[in-house]
Amino acid sequence: MWLNRNITKTKTDAKSLSMLLAEFFKVGEGGLQDWVKRRFVEKFYGSRPHPFVLALQHPSRGTLLGYVVEHQHFLRQWVRSCSFIMARTDATDVILYELDNINTEFGGLGPEQPSHYELLLRMGESLGLDRTKILATPALTDTVEAIQVWDNICQQDHWVEAMVAMHGLELIANRNLRKEGARMHYFDPTILETGEVTDATRAFLREGYDADVGHSEEALDLAAKYADRFSIVEDVQATFMRSIDAFDRYLMARLERGRQFESA
Amino acid sequence: MRVPEKGCVLCEATWGDYWDEVEGQRMFFCCDICAVEFKNMIREVIARTGWESIDEIKIDGDYRGRDCIALKGDKRYGFFVRFDSKGQVQDLNDRPITGARVEPQKSKAV
Ligand SMILES: [Zn+2]
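In this text, all values refer to a predicted model and were calculated from it rather than measured experimentally. (Residues numbered from 1 in each chain as written. Chains lettered and ligands numbered in written order. Predicted model: local features only at pLDDT ≥ 70, side-chain atom pairs only at ≥ 80, totals over all residues. Heavy atoms only, no water.)

Caption draft 1: Just the packing of helix H5 (residues 61–88) of chain A against helix H12 (residues 233–263) of chain A, in detail. Residues and elements named next belong to chain A. Two elements in contact, H5 and H12, have axes whose closest approach is 7 Å; the angle formed by their N-to-C orientations is 130 degrees. Between H5 and H12, the angle falls in the class oblique. Crossing handedness for the pair H5 and H12: right-handed. Between H5, through Gly62, Thr63, Leu65, Gly66, Tyr67, Val69, Glu70, His71 and Phe74, and H12, the contact on the second element is made entirely by Phe247, Tyr250, Ala253, Arg254, Arg257, Gly258, Phe261 and Glu262. Taken together, the residues of the contact of H5 with H12 sort by class into eight nonpolar, five polar and four charged. (Axes fitted to C-alpha atoms, helices over the stretch in contact; angles between N-to-C directions. Helix = DSSP H or I, 4+ residues; strand = E, 2+ residues; numbered from the N terminus. Parallel < 35°, antiparallel > 145°, perpendicular 65-115°, else oblique. Left-handed = near helix turned anticlockwise from the far one by under 90°. Contact = heavy atoms within 4.5 Å. Nonpolar A, V, L, I, M, F, W, Y, C, P; charged D, E, K, R; others polar.)

What follows is the structure, given as structure tokens:
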């Protein structure tokens, strides 16, 4: 299945296959960072962009509510993941990075700067879904399974693998991906200017749009440095592929949840 | 049922070597999950159309979902299908599913 999805569907002999694999995992001059971006763009923004990204260009209420309900679970796992990384490293730059990330995503920095988690819940409320109802809704199976993948990576694999597995996902909202060949943004940026979505939705999307750019790239720089130091670049690459497969399914769960709101 | 000359009946990959019987016919799949998915899809289509058998299913798409057309004589049934991680039908034309389920079972390989 992995070969089908990532290398080729056509059975090849051992020699050609090893060449294809070497090509796939080859880290060029741009380092591990570029490799990660390339694979990410290919999967989510390539010739077949992810259906959730397509739906988010001009999102319906259902799509946004699907985002809210499933993503609350993702963000709660996010904090666990970052905490595992912190607990398992003694690199000060990594600890500082993760602390900052946990605050932005989950803790918030006082009333002036609510966390991404808080902004997500407000987006849900602005679309008519009560906060208590959001919090009481369990995740769909695909979300649960994806979270399990990330939890396992963060508990069992090297913390550098965990870093790329988690922070690589922040590329989804990275505006610079257009330069890396992405066919579109995470959403059509004009919706930040028009009255197409609620104010709280704009606030949530804008936060990601502005914040995650530096975020994911800084994490990838750190991870690339330590992956080299520990000589585990290939392990990191394999783990990243597992992580984006889980992410793909998780994004489908957002859509599935969105459909439930549309048919309700 | 007419199946592709080459490759897995569901995904057309030529990797793997998993044979399974569907509606009395021996078919090639790249893996046990594709076999389970295909069997569940067939069951679902038969349950919905009421057809006794299917002549052919044209499939277009990938693991995120597939647009299909089932053919029986001059009748056609178009549908979109998605599977969960265990190969069960998760979504077929946005409607809840009714059909019985085929579970993954490696021992069935022949
Ligand atoms: Zn297959």
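That shown, we press on.
Caption draft 2: Fine view of the packing of helix H3 (residues 31–45) of chain A against H12 of chain A. Residue and element names in this part refer to chain A. Interhelical geometry of H3 versus H12 gives an angle of 25 degrees and a closest axis separation of 11 Å. If you check the angle between H3 and H12, you find them roughly parallel. The handedness of the crossing between H3 and H12 comes out as right-handed. Two secondary-structure elements touch here, H3 through Leu32, Trp35, Val36, Arg39, Phe40, Lys43 and Phe44 and H12 through Val233, Val236, Gln237, Phe240, Met241, Ile244, Asp245, Phe247, Asp248 and Leu251.

Caption draft 3: Representation of the interface of chain A and chain B in the model. Listed as interface residues are 22 residues of chain A and, on the opposing side, 20 residues of chain B. Here chain A meets chain B over a buried area of about 1,800 Å², counting both sides, of which 45% is carbon and sulfur. Remark: the boundary between chain A and chain B carries five salt bridges. Along the contact surface separating chain A from chain B lie 15 residue pairs in polar contact (both at pLDDT 80 or more). For the side of chain A that touches chain B, the secondary-structure elements that each account for two or more residues are helix H1 (2–6), H3, helix H9 (141–156) and H12 of chain A. Broken down by class, the residue content of the side of chain A that touches chain B amounts to six nonpolar, five polar and eleven charged. (Buried area = accessible area lost by both parts, 1.4 Å probe. Salt bridge = Lys/Arg side-chain N within 4 Å of Asp/Glu carboxyl O. Polar contact = N/O pair within 3.5 Å; in protein donor to acceptor, adjacent residues only side chain to side chain.)

Caption draft 4: Main features of the environment of Thr89 of chain A. Residue and element names in this part refer to chain A. Structurally, Thr89 is set in the loop between H5 and helix H6 (92–107). Thr89 sits 70 residues away from Trp159 along the chain, and the two C-alpha atoms are 6.8 Å apart. When neighbours within four sequence positions are excluded, Thr89 is seen to be in contact with Val94, Ile95 and Trp159. At 3.0 Å, the side chain of Thr89 forms a polar contact with the backbone nitrogen of Ala91.

Caption draft 5: Representation of the sheet that holds strand S4 (residues 65–72) of chain B within the structure. Residue and element names in this part refer to chain B. One open sheet holds the four strands; their spatial order is S3-S4-S5-S6, and the pairing between them is antiparallel. Sheet topology places strand S3 (56–62) and strand S6 (89–92) at the edges, where each strand pairs with a single neighbour. The mean inter-strand angle of the sheet, taken between neighbouring strand axes irrespective of direction, is 25 degrees. (Pairing = 2+ DSSP bridges.)

Caption draft 6: Structural view of the confidence of the model for chain B. Residues and elements named next belong to chain B. In the predicted model, chain B carries a mean pLDDT of 86, and 85% of its residues have values of at least 70. Ranking the elements of chain B by mean pLDDT puts S6 last, at 87, and strand S2 (residues 25–29) first, at 95. Model confidence for the complex is summarised by a pTM of 0.92, with the ipTM given as 0.82. (pLDDT = per-residue confidence, 0-100.)

Caption draft 7: Summary view of unusual backbone geometry. At Ser231 of chain A, a residue that is not glycine, the phi angle is positive and equals roughly 50 degrees. For Ser231 of chain A, the position within the fold is in the loop between helix H11 (199–229) and H12. Non-glycine residue Glu23 of chain B carries a positive phi angle of around 50 degrees. Mapped onto the fold, Glu23 of chain B is located in the loop between strand S1 (18–22) and S2.

Caption draft 8: Representation of the coordination of the zinc ion within the structure. Residues and elements named next belong to chain B. The protein atoms donating to the zinc ion are Cys8 (SG), Cys11 (SG), Cys30 (SG) and Cys34 (SG), with metal-donor distances spanning 2.3 to 2.4 Å. For the zinc ion, the four donor atoms are set out with angles of 104 to 117 degrees between them, so the coordination reads as tetrahedral. Here the donor residues of the zinc ion share one chain and are spaced in sequence as C-x2-C-x18-C-x3-C. Judged by relative accessible area, Cys34 falls into the buried class, the value being 7%. (Donors = N, O, S within 2.8 Å, 3.2 Å for Na, K, Ca; no water. Tetrahedral: all angles 85-135°; square planar, octahedral: opposite > 155°, others 65-115°. Buried < 20%, exposed > 50% of the residue type's maximum accessible area, 1.4 Å probe, protein only.)

Caption draft 9: Representation of the pattern of salt bridges within the structure. Residue and element names in this part refer to chain A. Inspection of every chain in the model, using the stated rule, returns 24 salt bridges over all chains. Among the ionic pairs, Lys37 bridges to Glu217, the shortest N-O distance being 3.6 Å. In this pair, Lys37 is assigned in helix H3 and Glu217 in helix H11, connecting sequence segments 180 residues apart. For Asp157, the salt bridge identified is with Arg242, shortest N-O distance 2.8 Å. With a gap of 85 residues between them, Asp157 in the loop between H9 and helix H10 (159–167) and Arg242 in helix H12 connect regions that are remote in the sequence. Three or more residues are tied together by salt bridges with common partners; here these are Glu118, Arg122, Glu125 and Arg131.

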